Amino acid sequence: QVQLVESGGGLVQAGGSLRLSCAASGRPFSSYAMGWFRQAPGKEREFVARITRSGGSTYYADSVKGRFTISRDNAKNTVYLQMNSLKPEDTAVYYCAAGAIPAIQMRVEYWGKGTLVTVSS
């Protein structure tokens, strides 16, 4: 079992920045690829970013490419999502995920409970 706890969400003005953190426990953190997903009101959960086990490769949704950066610190069992140039459409509950990357799509094995990010106009 892996437990994931997100933090860092909150209210931010459009154009501002925010950094989300996800702390993992229960299993060796480096065994998992990590990712971030989000779900906006009235929409389905969507992929945001993912990172490989060692942190050597990242991939982003087109909607956040160039603005968001995913990173990880395996010594701290933590994955981060740095969000810059935030837009109102980025408003959503952001979920941390642990799993694998067998192909283009990430296979999620564990989910965090989410943290709310609200971007005001």
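Our subject is the structure listed above.
Predicted, not measured: the structure shown is a model, and the values here were computed from it.

Draft legend 1. Representation of the packing of aromatic side chains in the model. On inspection of all chains with the given rule, the structure shows 5 aromatic pairs. An angle of 70 degrees between the planes, with centres 5.0 Å apart, marks the rings of F37 and W111 as edge-to-face. In this pair, F37 sits in strand β4 (residues 33-39) while W111 sits in strand β10 (residues 107-111), placing the two residues 74 residues apart along the sequence. Owing to a relative accessible area of 10%, F37 belongs among the buried residues under this scheme. Measuring from ring centre to ring centre gives 6.4 Å for Y95 and W111, while their planes differ by 85 degrees; the resulting arrangement is edge-to-face. With Y95 in strand β9 (residues 92-100) and W111 in strand β10, the pair connects residues that are 16 residues apart, well separated along the chain. Taking relative accessible area as the criterion, Y95 reaches 13% and is therefore assigned buried. Residue classification places W111 among the partly exposed positions, given a relative accessible area of 37%. Taking the ring centre of F29 as reference, the NZ or CZ of R72 above it sits at 4.3 Å.

Draft legend 2. Main features of the pairing of β4. Of all 7 residues that make up β4, 6 are buried, and the element is covered over most of its length. Two strands pair when backbone bridges link them, and β4 and β9 are joined in this way by 7 bridges, in the antiparallel orientation. Looking across to β9, one finds that M34 is bridged to A98. Bridging between β4 and strand β5 (residues 46-51) involves 5 bridges; their strand directions are antiparallel. By the bridge assignment, W36 is partnered in β5 with A49. What sits between β4 and β5 in their antiparallel hairpin is a turn of 6 residues, with G42 showing a positive phi close to 75 degrees.

Parameters and conventions
- Residues numbered from 1 in each chain as written.
- Predicted model: local features only at pLDDT ≥ 70, side-chain atom pairs only at ≥ 80, totals over all residues.
- Heavy atoms only, no water.
- Phe/Tyr/Trp six-rings, centres within 6.5 Å; stacked < 30°, edge-to-face > 60°.
- Helix = DSSP H or I, 4+ residues; strand = E, 2+ residues; numbered from the N terminus.
- Buried < 20%, exposed > 50% of the residue type's maximum accessible area, 1.4 Å probe, protein only.
- Lys NZ or Arg CZ within 6 Å of the ring centre and 35° of its normal.
- Pairing = 2+ DSSP bridges.

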